[in-house]
Amino acid sequence: MRILFSSTPQHGHLLPELPLARAFRDRGDEVAVITSASFGPLFAAEGITLLPVGPEIPELLMEAARLAGVEDPTVPDPAVAAELFAGARIDLTADAAIAAAREFGPDLIVAEATDYVGPLVAAALQVPYAKLAFGPPIPAQFTDVFDAVAERRYKERGLTAPQPTWYLDPCPEALRGPDWQAPEGRLALRPEAHRGPGTPDTAAADSSGAGTRPKVLLSFGTHFAAPEVLRPIVDALSAKADLVVTLGLTAAASDYGDGFDQVEFVGFTPLAELLGGIDLVVTHGGAGTTLGTLSRGLPMVVVPQGADQFLQAGAVAGSRTGVAVMPPAGAEAVAAAVDEVLGNTEYRDNARRAAEQIAAMPSPDEVAAQLVGLLG
């Protein structure tokens, strides 16, 4: 089979696709990914073909802000988000994506939840597509706006937005809301903590009770880890825990100054390599970090900054696998939440139950085989 993945050019959108892409690759299927050229090294290391189309996120954001009539594209705005995912990206990527995909000749397209180029390509080539969710479903009040913007672009090209044939769902039962209903075509898909190429998905060592001080991972992902945001949290937590702090894509340890004897700063590192020996994760609540952390049975403190992180924060709080600290609460509130989670075994117990649910979900290898069988 020839399987084409499509994604918004951001790590948080691409990395959740990797386990399934690897599974198809390891079966011997031909696998390619449509996204921007900057991800060439990532996919070269995986032995997966990149079809580099479309601009990078900064250019997409500027165009989305222009379309939405907003001066500052970095200010959270639903109109900018809709134009980013469903407007500007289609405008600046669709034609090249269709041409590249037609040459590749896919039997199936897998598109992440906020990718509207993959479904457009599927409609143009008349091939089935599977939607890969990040975690809890994005509420219709957001997706309806995105869909409306995308629908206009589809109509301009004489296309109708297709419905996904399959909905690949990595969300464990623990994070589902009380009104959850299985989407049409749902196939459960086990999530995993992001790992480097050739690294097995093995469980992290349990550090509970292993040392005199707890060990906390502070990770706000690749795009939200600004030192001015994290520094107050580092100050509030460093006196009570050993910290591992991820720097994102642009920061350096020197941005935090000196005097952090109990703090280890690390550059971009696969999450799976950071969770060993950790007692608690303090995170912005990106879907990949949230599900990867729960797959190892670790509780969280979630401090959402934007995007879909508020959904994950609410799901974590609702499942009592952790505590959500909503803005504008500051670093002292984060420190209090850390004390609450570390001092109450209920959170770790619930996180371990979530890990058991995740372990029972079909693996990427099993889902890849199932999809190939369904494709006939």
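Right above here is the structure, for reference.
What comes next is a walk through the structure.

Definitions and cut-offs
Residues numbered from 1 in each chain as written. Predicted model: local features only at pLDDT ≥ 70, side-chain atom pairs only at ≥ 80, totals over all residues. Heavy atoms only, no water. Buried < 20%, exposed > 50% of the residue type's maximum accessible area, 1.4 Å probe, protein only. Helix = DSSP H or I, 4+ residues; strand = E, 2+ residues; numbered from the N terminus. Pairing = 2+ DSSP bridges. Expected span 1.5 Å × (residues − 1). Bend = angle between axes of the 7 residues up to and from the residue. Polar contact = N/O pair within 3.5 Å; in protein donor to acceptor, adjacent residues only side chain to side chain. Axes fitted to C-alpha atoms, helices over the stretch in contact; angles between N-to-C directions. Core = buried A, V, L, I, M, F, W, Y, C linked by side-chain atoms within 4.5 Å. Contact = heavy atoms within 4.5 Å. Salt bridge = Lys/Arg side-chain N within 4 Å of Asp/Glu carboxyl O. Parallel < 35°, antiparallel > 145°, perpendicular 65-115°, else oblique. Nonpolar A, V, L, I, M, F, W, Y, C, P; charged D, E, K, R; others polar. Phe/Tyr/Trp six-rings, centres within 6.5 Å; stacked < 30°, edge-to-face > 60°.

Turning our attention to the pairing of strand S4 (residues 108–112). In terms of burial, S4 is a largely internal element, five of the five residues being buried. Where burial is concerned, the two faces of S4 agree: the one with Leu108, Val110 and Glu112 and the one with Ile109 and Ala111 are both buried. Pairing of strand S1 (residues 2–6) with S4, which is carried by four bridges, proceeds in the parallel orientation. Within S4, the position partnered with phenylalanine 5 by the bridge is valine 110. Here S4 pairs with strand S5 (residues 129–132) via four bridges, running parallel. Directly across from isoleucine 109, in S5, lies its bridge partner tyrosine 129.

For helix H5 (residues 78–104), built from 27 residues, the straight-helix expectation of 39 Å at 1.5 Å per residue is missed by more than 12%, its first-to-last C-alpha distance being only 34 Å. Along H5, the sharpest kink reaches roughly 60 degrees, centred on isoleucine 90. Phi turns positive, to about 70 degrees, at glycine 105, one or two residues after H5.

Before going further, it helps to examine the side chain of serine 36. With respect to the helices and strands, serine 36 occurs in the loop between strand S2 (30–35) and helix H3 (40–46). In terms of polar contacts, serine 36 uses its side chain to reach the side chain of glutamate 56, at 2.6 Å.

Right, let's talk about the sheet that holds strand S9 (residues 242–246) for a bit. Backbone hydrogen bonds hold the strands of a sheet together, and the pairing may be parallel or antiparallel. If you walk across this open sheet you meet the six strands as S10-S9-S8-S11-S12-S13, and the pairing is parallel. Bordering the open sheet on either side are strand S10 (263–266) and strand S13 (322–324), each of which pairs with just one other strand. Averaged over all neighbouring strand pairs, the angle between strand axes comes to 15 degrees, with direction disregarded. Relative to S10, S9 runs parallel, the two sharing four bridges. Bridging across to S10, leucine 243 finds its partner in valine 263.

For the rest of this paragraph, the subject is the nonpolar core. In terms of nonpolar packing, the biggest core is built from 37 residues, with Leu4, Ile90, Tyr116 and Val121 touching the most fellow members. Among the secondary structure elements, those contributing two or more residues to this core are S2, helix H4 (57–68), H5, S4, helix H6 (117–125) and helix H7 (140–156). With 13 residues, H5 is the single largest residue contributor to this core. Those residues in contact with tyrosine 116, other than ones at most four positions away along the chain, are Phe85, Ala86, Arg89, Ile90, Thr143, Phe146, Asp147, Ala150 and Tyr154. Formed by 29 residues, the second largest nonpolar core is a distinct cluster that contains Phe220, Leu237, Leu243 and Ala337.

Enumeration over the complete set of coordinates arrives at 18 salt bridges. One salt bridge in this structure joins glutamate 46 and arginine 22, with 2.6 Å as the shortest N-O distance. Here the residue glutamate 46 occupies a position in helix H3, and arginine 22 occupies one in helix H2 (residues 18–27), the gap between them amounting to 24 residues. Both residues of the pair, glutamate 46 and arginine 22, count as buried. Where arginine 66 meets glutamate 63, a salt bridge forms, and the shortest distance between an N and an O atom there is 2.7 Å. Taken together, the residues span about one helical turn, with arginine 66 and glutamate 63 both in helix H4 at a distance of three residues. Through salt bridges with shared partners, a single ionic network connects Arg22, Arg25, Asp26 and Glu46.

Before going further, it helps to spend a moment on the packing of helix H9 (residues 287–295) against helix H12 (residues 345–360). Relative to each other, H9 and H12 sit at 95 degrees, their axes nearing to 7 Å. The orientation of H9 relative to H12 falls into the category roughly perpendicular. Every residue of H12 that contacts H9 at Leu291, Leu294 and Ser295 is listed here: Ala351, Ala354, Ala355 and Ile358. For the contact of H9 with H12, the class distribution of residues is six nonpolar, one polar and no charged.

In this section: the packing of aromatic side chains. Describing an aromatic ring pair means giving the distance of the ring centres and the angle of the ring planes. Tallied over the entire structure, the rule returns two aromatic pairs. A ring pair is formed by phenylalanine 5 and phenylalanine 24, whose centres lie 6.2 Å apart and whose planes are at 65 degrees; its orientation type is edge-to-face. Of this pair, phenylalanine 5 sits in strand S1 while phenylalanine 24 sits in helix H2, and the two are 19 residues apart along the sequence. Like phenylalanine 24, phenylalanine 5 is buried.

All right, on to the environment of alanine 101 then. For alanine 101, the location among the structural elements is in helix H5. The exposure class of alanine 101 is buried, given its relative accessible area of 0%. C-alpha of alanine 101 to C-alpha of leucine 4: the two residues are 97 residues apart in sequence and 7.7 Å apart in space. Contact partners of alanine 101, with chain neighbours within four places excluded, come to Leu4, Ile34, Pro106, Val121 and Leu125.

Taken together, the seven strands give an open sheet; going across it, the order is S3-S2-S1-S4-S5-S6-S7, and neighbouring strands pair in parallel fashion. Two strands lie at the open edges of the sheet, namely strand S3 (49–52) and strand S7 (186–188), each paired on one side alone. Adjacent strand axes in the sheet meet at a mean angle of 25 degrees when their direction is disregarded. Seen against the sheet, H5 touches S1, S2 and S3 and runs at an angle of roughly 160 degrees to S2.

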